[in-house]
Amino acid sequence: MPGKTPRNHSKDPDTKDVDMKDTKAKGKKPTKDGDEEMTVVVPPSKASKTESADAEGDVSMEEEPKVDPFAQAVAEIKSNFALLDRAVALYDPRFSLRALRSISLIRKRLTPDIIAQVVVDTFPAPAASARTSKNLLLAVGREDYQSRATDSEMEVDSEPKPAKNGSKKENKEIIPEIDVFLGILIQVYLFDSKDYKKGASFSNYLAERIQSLNRRTLDSLSAKVYFYFSLFCEHMEPLPPSSESPIFVIRPTLLAALRTAVLRKDIDTQASVIVLLLRNYLLTSHISQADLLVSHTQFPENAVNNQVARFLYYLGRIRAIQLRYTEAHEHLTAATRKAPSSNCAVGFSQTATKLLLVVELLMGDIPDRATFRQPALEDALRPYFLLVQAVRVGNLEDFETTIADHADTFRRDGTYTLILRLRQNVIKTGIRMMSLSYSRISLRDICIRLHLGSEESAEYIVAKAIRDGVIEATLDRERGFMKSKEVGDVYATREPGEAFHDRIRACLALHDESVKAMRFPMNQHRLELKNAQEAREREREMAKEIQEGDLDEDDLGGEFDGM
């Protein structure tokens, strides 16, 4: 009909906006009969909004400026310099540790050009630190590097950059922490590039530079330098345990670094070097030297949790080789508990758990089945699960089959020689199962069930199990059988009390470690001592004035009561 507005306005957004304006301008009230007044205004669709935004000149998401990856990587490396400056200014190692944690994100994009660009921008050529920058550039093969224009990095950072005059002023004072941090980045790049020989040479130069400096703000950085130094030597030919391996050459350097760290009270370097020396001795099977190192050195109590976990693991391995399984079990249990829960430490958790399972089997215990059901450990612990099943049942044939099938895995894990000791445990377990199942069994049946060579071997093994307290039985040599004793009440023995004592001791140790791990404000005790000293001096002055008659107790307002 003429004079009526069509109902569907969504097709023409322009017409819809005009109708809304006309209705408001005229101020007409809607009626029941008129179709015009019944018009429903439909909101504009998303497509129309996008078109209108483009028409008004708005920038779409596709037109955003692209960030140069080169400039972004350079800016991320330079952003850590502010953390190192704050670590030096505030004498707080947490900022240095934060800078070291960023290396895991930076290392994927490290290239010689990126490192060279950062070195050129950080160290000016005519400065006294030109020799340092030259050594850094020489390590990445960019000694003749020409600086690139990185203006695009200005757009990456949200904070405003200082002017050129300010940058010149900053370049005059380059703290040693910055060039050591750049040296660690070069170490990471050379290790990822598998250039181990060049990395060991550069690490030696970096270690000598750290030894020439005596700065506590370099402690966490120097620990990382020695870590990569040892890692380079481990991967160089010939590999350990060869007597010509470079890990023998690095031992005097590590021992000298340990002596210097102890004298300087450098806790981070001391903990790191002790762990590296233990690893060095274990790689070459020098167990007695590793034991001497542990007995003649004291591991710092305030060391980083990761270093404590490594130290406990190596100490547990040493004790397991020395047949001290109880101590080894305690150290390895503490190592698995202190291991980081993040995915980056899954390898350490798997290695420590494998050794812990073998030690538990050597102690005569059967590990909990829930250990093998953890998602991060299930696949890695599959051979050990089969081993535990064979030991639990006491089946010697299945035990030998498992060792033969997974011998390469056990050798790679470093547990093969310890697993070979489990043969006697399998036999003892089988004897214990038979002593619980039968009140009386002949030696011939024991020989057949355990697949032993003769009855004399079965007699010797049963006698040894009785002497060690594995089973409660008697051996009748004339008739050739073993008779089990009746099982008494376990609660009448001291075993429950000892287990309860061990749990209480573990809880108390955990409480002590938690208290030691608490952080307190630095130098807060000095402030409290200063306030107390000022209060005492003020009280002395007031007492002196009272004695001289200058002040009365009424003038003090009761503040001096009880002095």
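For the structure, see preceding data.
Keep in mind that this is a model prediction, so the values were computed, not measured. (Residues numbered from 1 in each chain as written. Predicted model: local features only at pLDDT ≥ 70, side-chain atom pairs only at ≥ 80, totals over all residues. Heavy atoms only, no water.)

**Side note on the overall build of the protein**
Across its full length, the protein carries 27 helices and three strands. Expressed as a percentage of its 563 residues, the buried residues of the protein come to 37%. Counting contacts in the protein only where the partners sit at least 6 residues apart, residues at least 24 apart contribute 66% of the total. As displayed, the protein has an accessible area near 35400 Å², and 51% of this comes from carbon and sulfur atoms. (Helix = DSSP H or I, 4+ residues; strand = E, 2+ residues; numbered from the N terminus. Buried < 20%, exposed > 50% of the residue type's maximum accessible area, 1.4 Å probe, protein only. Contact = heavy atoms within 4.5 Å. Areas by Shrake-Rupley, 256 points an atom, 1.4 Å probe, with all protein chains shown as cover.)

**Notes on the pairing of strand S3 (residues 481-484)**
Here strand S1 (residues 440-442) pairs with S3 via three bridges, running antiparallel. Counterpart to arginine 440 in the pairing with S3 is lysine 483. The pairing of strand S2 (residues 473-476) with S3 spans four bridges and is antiparallel. Bridge pairing in S3 links leucine 475 to methionine 482. Hairpin connection between S2 and S3: a loop of four residues separates the two successive antiparallel strands, and glycine 480 in this loop has a positive phi of roughly 75 degrees. (Pairing = 2+ DSSP bridges.)

**A closer look at the environment of valine 308**
Note on placement: valine 308 falls in helix H15 (residues 305-321). As for valine 308 and alanine 335, which are separated by 27 residues in sequence, their C-alpha atoms are 7.6 Å apart. What valine 308 contacts, discounting residues up to four positions off in sequence, is Phe299, Ala303 and Lys338.

**Brief notes about the side chain of threonine 353**
In this structure, threonine 353 sits in helix H17 (residues 346-362). Of the residues examined, threonine 353 reaches a relative accessible area of 8% and is grouped as buried. The contacts of threonine 353, once residues within four sequence positions are left out, are Thr336, Thr371, Leu377 and Leu381.

**A short note on the nonpolar core**
Ile77, Leu182 and Phe399 are the most contacted members of the largest nonpolar core, which totals 127 residues. Ranked by residue count, the leading element in this core is helix H9 (residues 176-192), at eleven residues. Those residues in contact with isoleucine 77 that lie beyond four places of it in its chain are Ile106, Leu110, Ile114, Val118, Phe181, Leu182 and Leu185. (Core = buried A, V, L, I, M, F, W, Y, C linked by side-chain atoms within 4.5 Å.)

**Concerning helix H12 (residues 251-264)**
The terminal C-alpha atoms of H12 lie 20 Å apart, and with 14 residues this matches the ideal 20 Å at 1.5 Å per residue to within 8%. On its buried face, H12 sits against helix H10 (196-212), helix H11 (219-234), helix H13 (267-283) and helix H14 (287-296). Positive backbone phi, approximately 60 degrees, marks lysine 265, located one or two places after H12. (Expected span 1.5 Å × (residues − 1).)

**Structural notes on unusual backbone geometry**
The linkage connecting glutamate 237 with the following residue, proline 238, adopts the cis geometry, with an omega of -10 degrees. Take proline 238: it is sitting in the loop between H11 and H12. Here the bond from proline 240 into proline 241 is cis, since omega is 10 degrees, no more than 30 degrees from zero. Not every positive phi belongs to a glycine, and lysine 265 is a case in point at roughly 60 degrees. Inspection of the secondary structure assignment puts lysine 265 in the loop between H12 and H13. Even without glycine at this site, serine 285 takes up a positive phi of about 60 degrees. Within the secondary structure, serine 285 sits in the loop between H13 and H14. With relative accessibility at 55%, the residue serine 285 sits in the exposed group.

**What about the pattern of salt bridges?**
A full pass over the atoms with the stated rule returns 17 salt bridges. Of the charged contacts, one joins arginine 107 and aspartate 192 as a salt bridge, the two residues approaching to 2.7 Å between their closest N and O atoms. One end of the pair, arginine 107, is in the loop between helix H5 (103-106) and helix H6 (112-122); the other, aspartate 192, is in helix H9, and 85 residues separate them in sequence. Assessed through its relative accessible area of 38%, aspartate 192 is described here as partly exposed. Lysine 338 serves as the salt-bridge partner of glutamate 513, at 3.1 Å between the closest nitrogen and oxygen. Residue glutamate 513 is located in helix H25 (residues 495-516), and its partner lysine 338 is located in helix H16 (residues 325-338); the two are separated by 175 residues in the primary sequence. Judged by its relative accessible area of 37%, glutamate 513 is partly exposed. By relative accessible area, lysine 338 is classed as buried at 18%. Among the charged side chains, a salt-bridge network with shared partners connects Asp291, Arg319, Arg324 and Glu327. (Salt bridge = Lys/Arg side-chain N within 4 Å of Asp/Glu carboxyl O.)

Geometric descriptors of this kind do not, in isolation, establish any biological role.
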